[in-house]
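Coordinate analysis (summary)
Residues per chain, in single letters:
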Amino acid sequence: MSALYLYPAWLRLWHWLNALLFLTLLVTGLSMHYSLHWLVPFEVAVPVHNTAGMLLTGFWLAFVAGNLWGGNGKHYRIDLRTLPHDLMVQTRYYLHGIFVGAPHPFHVSAENKLNALQTLSYIGVMFGLMPILILSGWSFLFSTALPDTLFGVGTVWIVAMVHLTTSWMLALFLIVHIYIITTGETPTTNLKAMISGWHEGHEDASKP
Amino acid sequence: MFLRPFLNQRSPIGSNPPMRLLLLLAGLVLAVPALSAASNTAPASGALGLFKDDSQTCMRCHWMETMAYRDRETREIVNLSIDTQAYRHSVHAELSCSDCHAHGYSHYPHRSSSADENLQCVGCHETHADAGAPGLIGLEQEYANSVHVVEGVEDFSCFACHNPHTFKPAGGREPIAEVVARTNGVCLDCHEELLTPVPQGHDWLPKPQAHWRSVRCLDCHTPVQGRVPEHPSHQILPAAESNQLCVDCHTRGSALLSQLYNYRAAQGLERQGFFAQALYNEAYIVGMSRNRLLDGISLSVLALTILGVAAHGYGRYRAYRKRETS
């Protein structure tokens, strides 16, 4: 057992500011969607939601840039030959092994932070849902530049439904994400790692 | 003026003929928006109707704020003063007095019959359509069907609501809240009974004051069908026929949603510019993103997921306790 410095300061800052924006957007978005004046007053929710959305766009662009040129992209590469096996092993662990005290099938290392399920879900969120969310959000703000109707339906409504669907899916991701981080060596291992940068109770990946 | 710095350059770039042409073009591109922006602002003082010769004669008296008389029959004060500042900013600013008040004013004091010249907006706009006056097509019919005319409100005419000396259409750089306040002010000038926290006949409407700040009276009190955002209908509906369906504005497929949203977004864009528009976008309408099916499915999936992870977590806890005790 040892500790591994897994998350440098810039990454933790990015993560927590991103999380703050995510929560802000979720709360203000819910308030706007369901007219929950008691949660956030409407006249506050709208500019805050717009501001947070614009900032989130910047954070997402930083993420893409970091992956393209900053070296972080290696964690999001998929090896198609081993993927089916890795996915099965990881899923079996969450459904069975975790209840019988089986060892973690995936060992975190500086070179390989994410297990197969994490890699797939993060790719889906960051390169699938996030661009759709961001584009639909900006489309709301500049809807006058779009055609009035698309396939005979009001464009604003289509934009609204796309934005809504991706928002709900990201809310789902958030719940699963928060739960999954409790499945480390101890329930708080992963949370502490994202706060301090150090992944405690780390087993050396070179050992079998 | 804009081109001179480019043309006077003696640099190698400026002396190169193709490059000079390019710079000239660039100068033109820069100059054109500036020139068109200048033409969008209030007309230069020379073009203002009140500065034309015949208007000067009228304004010798009518500029006075106290210019008024008491009508012998109704005993009411009739205001005859012209607010020059308001007129300068009105849509009619370029017209001189005699463009509308054509006959019977050459003598002073004016004959009392001069006041009965029976001016009508539509008639004037049709005769002067070639001079750039909007045609107001269909307006006469809408007006004839409006509640004010159908119910025979006494002395009702265009001028009961619109003062041609101050009138300006919505749009441009005026903030939405001001457009709404100004437009609703026209109605509330007469309908004073509505100046209460919960206005008479509007008790069914949630948050009436919030609605009144952001929606024009005529958004509900004109027919939903066949709307053109830039040309509000003049067929003002009676209370019973007015729009009381929340979903006409607040959900998908509504006749008003895209119109209202795009109209307000366009207003905001024009007013504020790129980033400020994004931050202070006032166009979101509560309910526009709501979809019962999608929300139902999403909330169910979220609830099931929360139950699932809770059950998973409880299972882990039980397994952990079991291992601890054994």
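Residues numbered from 1 in each chain as written. Chains lettered and ligands numbered in written order. Predicted model: local features only at pLDDT ≥ 70, side-chain atom pairs only at ≥ 80, totals over all residues. Heavy atoms only, no water.

1. Thoughts on the overall build of chain B
For clarity, the threshold we go by: Strands are runs of DSSP state E lasting at least 2 residues, helices are runs of H or I lasting at least 4, and numbering of each runs from the N terminus. Residue exposure (1.4 Å probe, protein chains only): buried if accessible area is under 20% of the type maximum, exposed if over 50%, otherwise partly exposed. Residue contacts are defined here by distance: any two heavy atoms, one from each residue, within 4.5 Å place the two residues in contact.
Regarding its fold elements, chain B presents 17 helices and 2 strands. Looking at chain B as a whole, 26% of its 326 residues qualify as buried. Partitioning the contacts of chain B with sequence separation of at least 6, the portion at a separation of at least 24 is 49%.

2. Brief notes about the overall build of chain A
On a plain count of helices and strands, chain A comes out with 6 helices and 4 strands. Listed by position from the N terminus, the elements making up chain A come as β-α-α-α-α-β-β-α-α-β. The buried share of chain A, reckoned over its 208 residues, is 41%.

3. Examining unusual backbone geometry
Unusually for a residue other than glycine, Ser35(A) sits at a positive phi of about 50°. Inspection of the secondary structure assignment puts Ser35(A) in the loop between α1 (9-33) and α2 (42-69). Backbone geometry at Arg75(B) places phi at a positive 65°, although glycine is not the residue there. Tracing the chain through its elements places Arg75(B) in the loop between β1 (68-70) and β2 (77-79). With relative accessibility at 49%, the residue Arg75(B) sits in the partly exposed group.

4. With respect to the nonpolar core
It is characteristic of soluble globular proteins that their nonpolar side chains tend to be buried jointly. Residue and element names in this part refer to chain A. Put simply, the rule is: Nonpolar core, defined: a set of buried Ala, Val, Leu, Ile, Met, Phe, Trp, Tyr and Cys residues in which side-chain atoms within 4.5 Å join the residues together.
Among the nonpolar cores identified, the biggest contains 22 residues, and Leu56, Val125, Met126, Met130 and Leu170 are the most heavily contacted of them. Breaking this core down by element, the ones donating at least two residues are α1, α2, α4 (116-141) and α5 (155-180). Sort the elements by how many residues they give to this core and α4 lands first, with 7 residues. Not counting chain neighbours up to four residues away, the residues in contact with Leu170 comprise Phe22, Val125, Leu129, Met130 and Leu133.

5. Describing the state of the cysteines
Residue and element names in this part refer to chain B. Applicable threshold: Disulfide: a pair of cysteine sulfur atoms within 2.5 Å of each other.
Tallied over the full model, the rule gives 0 disulfides over all chains. No disulfide involves Cys187; its sulfur sits 4.0 Å from the nearest other cysteine sulfur, which is in Cys217. Residue Cys187 is classed as partly exposed on the basis of its relative accessible area, which comes to 28%.

6. Quick word on helix α17 (residues 292-325) of chain B
What counts is decided by this rule: How far a helix is expected to stretch is found by multiplying one less than its residue total by 1.5 Å.
Relative to the 50 Å expected for 34 residues at 1.5 Å per residue, α17(B) spans 49 Å between its end C-alpha atoms, a close match to the ideal helical length. Taken residue by residue, α17(B) has Asp295(B), Ser298(B), Leu302(B), Thr305(B), Val309(B), His312(B), Gly315(B), Arg316(B) and Ala319(B) as its buried positions. The inward-facing, buried residues of α17(B) abut α1, α3 (83-95) and α5 of chain A.

7. Brief notes about the confidence of the model for chain A
Residues and elements named next belong to chain A. Defined as follows: Each residue gets a pLDDT score, which is the predictor's confidence in that residue and runs from 0 to 100.
Summary statistics for chain A give a mean pLDDT of 86 and a share of 96% for residues scoring 70 or more. Within chain A, the lowest mean pLDDT, 73, falls on strand β3 (residues 153-154), and the highest, 94, falls on α1. For residues 204-208, every residue scores under 50 in pLDDT, and the model assigns this stretch 3 contacts once sequence neighbours within four places are set aside.

8. Things to note about the interface of chain A and chain B
Quick note on the threshold: When two parts are brought into contact, each loses some accessible area as probed by a 1.4 Å sphere; the total of that loss over both is the buried area. Each salt bridge in this description consists of a side-chain nitrogen of Lys or Arg and a carboxyl oxygen of Asp or Glu lying within 4 Å of one another. Two N or O atoms form a polar contact when they lie within 3.5 Å of each other; inside protein one atom must be a possible hydrogen donor and the other a possible acceptor, and for residues adjacent in sequence the pair counts only when both atoms belong to side chains.
Each partner contributes residues to the interface: chain A has 38 residues there, and chain B has 36 residues. Together, the buried faces of chain A and chain B total about 3,600 Å²; carbon and sulfur atoms form 68% of this surface. In terms of surface lost to chain B, no three residues of chain A exceed Phe99(A), Trp157(A) and Tyr179(A), which account for 17% of the buried area on that side. Here chain A and chain B share 0 salt bridges between them. Here chain A and chain B share 8 residue pairs in polar contact (both at pLDDT 80 or more) between them.

9. Details of the packing of aromatic side chains
Just so we agree on the cut-off: For Phe, Tyr and Trp, rings pair up if their centres lie within 6.5 Å, where Trp contributes its six-membered ring, and each pair is then called stacked (planes under 30 degrees apart), edge-to-face (over 60) or tilted (otherwise).
Enumeration according to the criterion identifies 8 aromatic pairs over all chains in this entry. Between Trp14(A) and Phe63(A), the aromatic rings sit 5.4 Å apart at their centres with planes inclined by 25°, giving stacked as the arrangement. One end of the pair, Trp14(A), is in helix α1; the other, Phe63(A), is in helix α2, with 49 residues separating them in the sequence. This pair shows no difference in class: Trp14(A) is buried, exactly as Phe63(A) is. Ring plane angle 20° and centroid distance 6.2 Å describe the contact between Tyr143(B) and Phe156(B), whose orientation is recorded as stacked.

10. Points about the pattern of salt bridges
Summed over the entire model, instances satisfying the criterion amount to 2 salt bridges over all chains. Across the salt bridge formed by Asp79(A) and Arg81(A), the nearest N and O atoms sit 3.4 Å from each other. Measuring nitrogen to oxygen at the nearest pair gives 3.2 Å for the salt bridge that ties Arg216(B) to Asp219(B).

11. Quick notes on α4(A)
Residue and element names in this part refer to chain A. We apply this condition: Given a residue, its bend is the angle between the two axes fitted to the seven residues that end at it and to the seven that start from it.
Taking 1.5 Å as the rise per residue, α4 with 26 residues should run 38 Å; its terminal C-alpha atoms sit 37 Å apart, in good agreement. Of all bends in α4, the biggest is about 35°, found at Leu129, and the proline Pro131 comes one to four residues later. The opening residue of α4, the one whose side-chain oxygen lies 2.9 Å from the backbone nitrogen of Leu117, is Asn115.

12. Some points on the packing of α5(A) against α17(B)
Which entries qualify depends on this criterion: To define axes, lines are fitted to C-alpha atoms, for helices over the stretch in contact only, and angles between the resulting N-to-C directions are given on a 0 to 180 degree scale. Here roughly perpendicular refers to angles of 65 to 115 degrees, roughly parallel to angles under 35, roughly antiparallel to angles over 145, and oblique to all remaining angles. Under the grouping applied here, Gly and all other residues not named as nonpolar or charged are polar, the nonpolar ones being Ala, Val, Leu, Ile, Met, Phe, Trp, Tyr, Cys and Pro and the charged ones Asp, Glu, Lys and Arg.
Direction vectors running N to C along α5(A) and α17(B) enclose 5°, while the axes themselves pass 10 Å from each other. Compared by their axis directions, α5(A) and α17(B) come out roughly parallel. Of the residues in α17(B), those touching α5(A) at Met161(A), Leu164(A), Thr165(A), Trp168(A), Ala171(A), Leu172(A), Ile175(A), Val176(A) and Tyr179(A) are Leu294(B), Asp295(B), Ser298(B), Leu299(B), Val301(B), Leu302(B), Thr305(B), Ile306(B), Val309(B), His312(B), Gly313(B) and Arg316(B). Per-class residue counts for the contact of α5(A) with α17(B) are 14 nonpolar, 5 polar and 2 charged.

13. Thoughts on the packing of α1(A) against α5(A)
Relative orientation and spacing of two packed helices are given, respectively, by the angle between their axes and the distance between those axes. Residue and element names in this part refer to chain A. In plain terms, the rule: Take the far helix as your reference; a near helix turned counterclockwise from it by less than a right angle gives a left-handed crossing, and one turned clockwise gives a right-handed crossing.
The N-to-C vectors of α1 and α5 enclose an angle of 130°; their axes lie 11 Å apart at closest approach. As far as their axial angle goes, α5 and α1 are oblique. In this structure, the crossing between α1 and α5 has a hand that is left-handed. Counting all contacts with α1, which are made through His15, Phe22, Leu23, Leu26, Leu30 and His33, the residues of α5 involved are Leu164, Trp168, Leu170, Ala171, Leu174 and His177. Of the residues belonging to the contact of α1 with α5, the class tally is 9 nonpolar, 3 polar and no charged.

14. Let's talk about the side chain of Ser31(A)
Residues and elements named next belong to chain A. Positionally, Ser31 belongs in helix α1. Of the residues examined, Ser31 reaches a relative accessible area of 2% and is grouped as buried. If near-sequence neighbours (up to four positions away) are discounted, Ser31 is found in contact with Leu36, Leu39, Val40 and Ala45.

15. A closer look at the environment of Pro223(B)
All names here are of chain B. Checked against the element boundaries, Pro223 lands in the loop between α13 (217-220) and α14 (247-250). In the structure, Pro223 is positioned 10 residues away from Ser233 in sequence and 7.5 Å away in space, judged by C-alpha atoms. Leave out the neighbours within four places in its chain, and Pro223 touches Ser233, Gln235 and Leu237.

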